[in-house]
Amino acid sequence: MSGKPAFQRILLKLSGEALMGQLNFGISPDVTSFLAHEIKGVIESGVQVALVVGGGNIFRGEGLARAGMDRVTGDHMGMLATVINGLALQDAIERVGVPVRVQSALRINEVCEDYIRRKAVRHLEKGRVVIFSAGTGNPFFTTDSAAALRAIEINADLMLKATKVDGIYTADPKKHADARRYEELTYDEALSKRLGVMDQTAMVLCRDHGVRLCVYDMDRPGALQAIIGGDLSIGTRVHT
Ligand code: GTP
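Here the residue index of a chain counts from 1 through its sequence in written order. Where totals are concerned, whole chains, interfaces and linings use all residues; where local detail is concerned, this predicted model gives features only for residues with pLDDT of at least 70, and gives and counts side-chain atom pairs only at 80 or more. For the side-chain quantities, the full set of heavy atoms in the structure was used; hydrogens and water were omitted.

Where an unreviewed UniProt entry is consulted, the chain appears under the name Uridylate kinase, with the organism given as Sinimarinibacterium flocculans. As its UniProt record puts it under Sequence similarities (unreviewed entry), the chain is described as follows: "Belongs to the UMP kinase family." UniProt positions are given in the numbering used here, feature names are shortened, and annotations may be inferred rather than shown by experiment.

> Sorry, what's going on with the UniProt feature "binding site: ATP" (unreviewed entry) in the chain here?
If you check UniProt for "binding site: ATP" (unreviewed entry), the listed places come out as Lys-13, Leu-14, Ser-15, Gly-16, Gly-56, Arg-60, Thr-163, Tyr-169 and Asp-172 in our numbering. For the residues just named, distributed over 160 residues, the greatest C-alpha separation reaches 25.7 Å, placing them at more than one site. The way it works is that DSSP assigns letters per residue, a run of H or I at least four long becomes a helix, a run of E at least two long becomes a strand, and they are numbered from the N terminus. When you line up the elements, Thr-163 lands in strand β6 (residues 158-163). From its side chain, Asp-172 meets the backbone nitrogen of Lys-174 in a polar contact 2.9 Å long. Polar contact criterion, stated in full: a pair of N or O atoms within 3.5 Å, where within protein one must be able to donate a hydrogen and the other to accept it, and residues adjacent in sequence count only if both atoms are side-chain atoms.

> I'm lost on the site of the ligand in this one. Help?
Throughout, the term near means that a residue has one or more heavy atoms lying within 4 Å of the molecule or strand in question. Taken together, the residues surrounding the ligand are Arg-101, Asn-109, Glu-110, Val-111, Cys-112, Glu-113, Lys-119, His-123, Lys-126 and Arg-128. One nitrogen or oxygen atom from the side chain of Arg-101 is found 2.7 Å from an oxygen atom belonging to the ligand. When the ligand is considered free in solution it has 620 Å² of accessible area, and contact with the protein chains removes 49% of it. The residue classification treats Ala, Val, Leu, Ile, Met, Phe, Trp, Tyr, Cys and Pro as nonpolar and Asp, Glu, Lys and Arg as charged. All others, Gly included, are polar. Broken down by class, the residue content of the shell around the ligand amounts to two nonpolar, two polar and six charged. Working definition of accessibility: Shrake-Rupley area with a 1.4 Å probe, residue cover restricted to the visible protein chains.

> Looking at this structure, I do not really get the sheet that holds strand β1 (residues 9-14). What am I missing?
Strand pairing in a sheet takes place through backbone hydrogen bonds and is either antiparallel or parallel in direction. Pairing between strands is defined by DSSP: at least two bridges between the two strands are required. The strand order across the open sheet built from nine strands is β4-β3-β5-β2-β1-β6-β8-β9-β7, with neighbouring strands paired in mixed fashion. Every other strand in the sheet has two partners, leaving β4 (113-114) and β7 (184-186) as the edge strands with one partner each. Contacts are assigned to residue pairs that have any heavy atoms within 4.5 Å of one another. Note on geometry: axes are C-alpha line fits, over the in-contact stretch for helices, and angles between N-to-C directions span 0 to 180 degrees. Where helix α1 (residues 29-44) meets the sheet, it contacts β1, β2 (48-53) and β5 (129-133), and its direction lies at approximately 150° from that of β2. Of the strands in this sheet, β1, β2, β3 (100-104) and β5 touch helix α3 (residues 71-95), which is tilted by about 175° from β3.

> When you look at the pairing of β5 in this model, what are you seeing that I'm missing?
If a strand is regular, its side chains alternate between the two faces of the sheet. For every residue, the accessible area (1.4 Å probe, protein chains only) is compared with the maximum for its type, and the residue is labelled buried under 20%, exposed over 50%, or partly exposed between those bounds. Along β5, five of the five residues are buried, which leaves the element largely enclosed by surrounding structure. Relative to β5, β3 runs parallel, the two sharing five bridges. The residue bridging Val-102 from the neighbouring strand is Ile-131, located in β5.

So, in structure tokens, the structure goes:
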């Protein structure tokens, strides 16, 4: 990457489904390895990287509740799924030579550290990737809300939401050929147009705390580095 990165500390939100790749369930080693290399590039350019990972590739509380399970139990299973994903990412990122610490919002000390904000910030300052797992530690909150919360807590300069589409569109680009990508939007516009970027709790948290968000296509090699370098031609920026 040429020049100085435009951001110093980022929080990258990865959905659980993103880790499946071509699989129907679970974790694709190809995807975790690809992500590890992308993240390594960013770390090497001197940017601090925190991750929040979802769990939908394993369990999703809402889906389990629809099938009849108690919602809180389902959400606990979903939160544990995010810890599993966090460990898989930790392994993949460490294998490319970048130190990682996984923290969990649910206490599970034998497996990983507890979420302690000040410790997480120290890890970031030391060039370690910090993976925040177990969501917010509470049922009924999405991992997008957890990402918004952690981005605010660690004073991230930019939150990135990795998706399968290269930004936010006026309509579903797979169904509407004339759908147009927004280069930028305010949270209020995204909320009033019901663009479905994230759930409303996450959007309002970001809006009220001035979090800068970029929605981008995680499958595009080099996209993360380009965005961090200040390239505005990729993804959609959302701001207050
Ligand atoms: P420094 O304070 O900068 O040295 O950070 P550090 O993370 O290297 O030091 P620490 O002694 O806290 O941790 C050493 C190792 O133990 C790291 O791999 C941590 O992730 C891990 N570790 C720390 N606390 C816990 C915990 O509560 N549970 C688990 N499972 N591992 C932990």
